[in-house]
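Overview (structure and organization)
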Amino acid sequence: MFRTHTCNALHLDNVGEEVTLSGWVHRRRDHGGLVFIDLRDRWGLTQIVFDPDTNTDMHNLAQTLRNEYVIQVTGLVRARPEGQANPNLETGDIEIEGRSLNILNKANTPPFDINKETPVDEMIRLKYRYLDLRRERMQRNIVLRHEVVRYIRNFLSDVDFVEVETPILFKTTPEGARDYLVPSRVHAGQFYALPQSPQQLKQLLMVAGYDRYFQIARCFRDEDQRGDRQPEFTQLDVEMSFVDQTDILDITERLMIGLVETMSEAQIMHKPFPRLSYNDVMDRYGRDNPDIRFGMELSDISALVANSDFKVFSGTVSSGGLVKGIKAKGLGGYSRKQLDELTDYVKVFGAKGLAWLVVDESDEGPVAGRSSFAKFLSTDEVASIIDQLEGEPGDLLLFVADKPAVANESMGRLRLELGDRLGLRDDNILAFCWVIDFPFLMWNEDEKRWDPSHHLFTAPVDEDIPLLDSDPGQARGKQHDLVLNGNEIAGGSVRIHQRELQEKVFGLIGLELEHAKKQFGHMLEAFEFGTPPHGGIASGIDRLVMLLAGEPNIREVIAFPKSQSAADLMAGAPTEVTEQQLKELHIKLR
RNA sequence: GGGGGCGUGGUGUAGUGGUCAACACGCCGGCCUGUCAAGCCGGAGAUCGCGGGUUCAAGUCCCGUCGCUCCCGCCA
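To keep things clear, this report deals only with the structure shown in the data block. (Residues numbered from 1 in each chain as written. Chains lettered and ligands numbered in written order. Predicted model: local features only at pLDDT ≥ 70, side-chain atom pairs only at ≥ 80, totals over all residues. Heavy atoms only, no water.)

With that settled, consider unusual backbone geometry. Residue Pro272 follows Lys271 across a cis peptide bond; omega there is -5 degrees. Structurally, Pro272 is set in the loop between β11 (267-268) and β12 (275-277). A cis geometry characterises the amide bond from Ala573 onward to Pro574, with omega recorded as 0 degrees. Structurally, Pro574 is set in the loop between α16 (541-549) and α17 (579-584). (Helix = DSSP H or I, 4+ residues; strand = E, 2+ residues; numbered from the N terminus.)

Have a look at this one:
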């Protein structure tokens, strides 16, 4: 038997027991006489004391111990001497008087500190991931991740969901992200694709009558990485039959609230979660994943400046653009340099510039002080702008005039930046909200056609179905996104379950029926065998755990993540393969 | 595909044209019987990511390249 207890288990009431512990040498303190060893396992630390008076040979052996040696110790639990307890340790009231020591395995000096949370270059952490995973931060995150997944499984199982595994080797779909392809040996020249999500399969499970399905599903997308995007990631995938959108939102909301209140100390800002329309959030926050922890909403001043002499504003409005502003409370003292920084910030998102105005005090109330543009406007126009943004002396007003997409995106991002600068984004607050009533279709200017704003199988809002013929851009879809502190953490929709409507949508997005049949024939055919109304949602587990753990990127909550260039720095993947392997797969490199 | 940041002993950093590349932690050795980031003393350890160039002289400047990272594009 390697151990009788783990390293976080012993307390004063175990005093007098002979115990055996196994683990890693976390730290050693060698006093020449006494040798103290902090023994570590996943559960915690226990101090072992080796005393030369107890057993000289064993004490000598203890002096040879080094960090990360794997050892087994048997000894007597005893209370620490008066005043020697360590309140920072769960086991800090006791120690083990070492009576026998067995070195199970020696260890090389690790390339970085395991026993300290010192920063280490990410390349080295990834190369020695198995050592990084030994560190407290990663152990905490990986265990949290397990607890999150366990909570989800229990919750959904308790309300009659069935977990079903779906294939990893599936079929390529040219829509959406780039696929990871797997060559077929048996079928020369043909390829499987790794699923970008189990979308089609979960809908087919509804056709099959499983009614309530979920899966902790691995998904694959061959796109460039971000801090919150890995080539393979994990989704909580959910699909339900005989539901409308409200049913999906309600159960997801119950799951999220239960999960977060169990796993996190942070406070949920709004219960129930606000349900906001796409148009509303775009107007107020400039993006479809708003951070509603703080106000500082955007203000559309297009109408106020449509006829002004300032061509940057009026010209933008007359060509269908927007002029949107934001009030940065108390930042009127910003220097030219700081204003230039903010200008550079919005330029990243396509804005051509940033107009600014500092509000000053006067006898008649707030007036324009320093400004990049006020001189081009009438006094009344300036006054109406200050009035609409509720500018007060000392405030800084900022504006972008551009196409709606650019004005919204750049100002929406600027709002987040200002929120950071003003310390308004408190990590101890979790502000969930639903975004619904998305446009059903988005005009694709490059291809001159409509694209589905969510995916091909999303249903339009019932009352908007006639609009599909008359004014498709105005139709809303039964899509829903769950947003947490400005991060999209789940998204889904009610699906189309009737073939006629599905074919109509294919037609709208310019997908030839013949082509559609080739790609999605199995779906279309399935829909004719008695498909229940259904819908669902999928949630990014990595992002969710990242937010719950307070980590800045999802690599910190994934045991073996890829680098930004999609490489595994530990194992060294991807690699070249042998000529023989290529030959079997009918592949010639070029 | 594009833009920014970083790359110096094992780790984290300092060094922005001129001694022998500095400091902390770690490592090795010695001393040390109540530490818990133990302490004190001593020591080893770096062709400054790689290649090229400018210069009397390059860790430092220039070009290229590789890697990590952040962002834009991309991500139905």
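Here the narrative resumes, following the displayed structure.
Our next topic: the pairing of strand β19 (residues 432-436). For β19, the tally of buried residues reaches five of five residues, placing the bulk of the element in the interior. Because side chains alternate across β19, one face comprises the buried residues Phe432, Trp434 and Ile436, and the other comprises Cys433 and Val435, equally buried. Bridge count between β12 and β19: three bridges; the pairing is parallel. Directly across from Arg275, in β19, lies its bridge partner Trp434. Sheet topology places β19 next to strand β22 (residues 479-484); five bridges connect them, and they run antiparallel. Residue pairing for β22: Val435 is matched across the bridge by Asp481. (Buried < 20%, exposed > 50% of the residue type's maximum accessible area, 1.4 Å probe, protein only. Pairing = 2+ DSSP bridges.)

We now examine the pairing of strand β17 (residues 396-402). Burial runs high along β17: seven of the seven residues are buried. Going residue by residue along β17, you find Leu396, Leu398, Val400 and Asp402 tucked away on one face and Leu397, Phe399 and Ala401 tucked away on the opposite face as well. Pairing geometry for strand β14 (residues 322-328) and β17, over seven bridges, is antiparallel. Paired with Gly325 across the two strands is Phe399, which belongs to β17. Examined bridge by bridge, strand β15 (residues 355-360) and β17 share four bridges and lie antiparallel to one another. The residue bridging Val358 from the neighbouring strand is Leu396, located in β17.

Attention now goes to helix α7 (residues 278-285). The set of residues buried in α7 consists of Tyr278, Val281, Met282 and Tyr285. All buried residues of α7 project into a common sector of 100 degrees when viewed along the axis, lining one side. Where α7 is buried, its residues contact β12, β14, α12 (404-421), β19 and β20 (441-444). Phi turns positive one or two residues past the end of α7, at Gly286, with a value near 80 degrees. (Arc of directions from axis to C-beta. Contact = heavy atoms within 4.5 Å.)

Before going further, it helps to spend a moment on the sheet that holds β12. Taken together, the eight strands give an open sheet; going across it, the order is β6-β9-β10-β24-β23-β22-β19-β12, and neighbouring strands pair in mixed fashion. Only two strands of the sheet have a single partner each, and these edge strands are β6 (162-163) and β12. Pairing between β6 and strand β9 (residues 212-220): two bridges, direction parallel. Residue Glu163 lies in a different strand from β9, and its bridge partner there is Phe214. On the sheet, helix α5 (residues 199-207) packs against β9, β10 (232-241) and β24 (534-540) and is oriented at approximately 25 degrees with respect to β10. Packing of helix α6 (residues 245-263) onto the sheet brings it into contact with β9, β10, β12, β19, β22, β23 (487-494) and β24, and relative to β19 it is tilted by some 165 degrees. (Axes fitted to C-alpha atoms, helices over the stretch in contact; angles between N-to-C directions.)

With respect to spatial proximity, 55 residues lie near RNA strand B, and among them Arg27, Gln84, Glu95, His454 and Gln564 are the closest. Of all atoms in RNA strand B that approach within 4 Å of the protein, 52% are sugar or phosphate atoms. In the environment of RNA strand B, a base nitrogen lies 2.9 Å from a nitrogen or oxygen atom belonging to the backbone of Asp30. Interatomic distance of 2.7 Å between a backbone N/O atom of Pro111 and a sugar or linking oxygen of RNA strand B. Contributing elements (two or more residues each) for the surface near RNA strand B: β1 (18-30), β2 (35-41) and α2 (122-127). (Near = heavy atom within 4 Å. Polar contact = N/O pair within 3.5 Å; in protein donor to acceptor, adjacent residues only side chain to side chain.)

Before going further, it helps to examine the nonpolar core. Within the largest apolar cluster, 62 residues are counted, with the highest numbers of intra-cluster contacts made by Ile152, Leu236 and Phe432. Sort the elements by how many residues they give to this core and α6 lands first, with nine residues. In contact with Phe432, not counting residues within four places along its chain, are Met256, Val260, Ile268, Phe273, Pro274, Ile292, Leu482, Val483, Leu484 and Ile489. (Core = buried A, V, L, I, M, F, W, Y, C linked by side-chain atoms within 4.5 Å.)

Before going further, it helps to spend a moment on the packing of helix α4 (residues 136-158) against α6. Running from amino to carboxyl end, α4 crosses α6 at an angle of 140 degrees, the nearest separation of the two axes being 10 Å. When the interaxial angle is binned, α4 and α6 end up oblique. Here the hand of the crossing between α4 and α6 comes out right-handed. Along its contact with α4, which presents Leu144, Glu147, Val148, Tyr151, Ile152 and Phe155, the element α6 presents Ile251, Arg254, Leu255, Gly258, Leu259, Thr262 and Met263. (Parallel < 35°, antiparallel > 145°, perpendicular 65-115°, else oblique. Left-handed = near helix turned anticlockwise from the far one by under 90°.)

Scope: geometric values only; no functional claims are made or implied.
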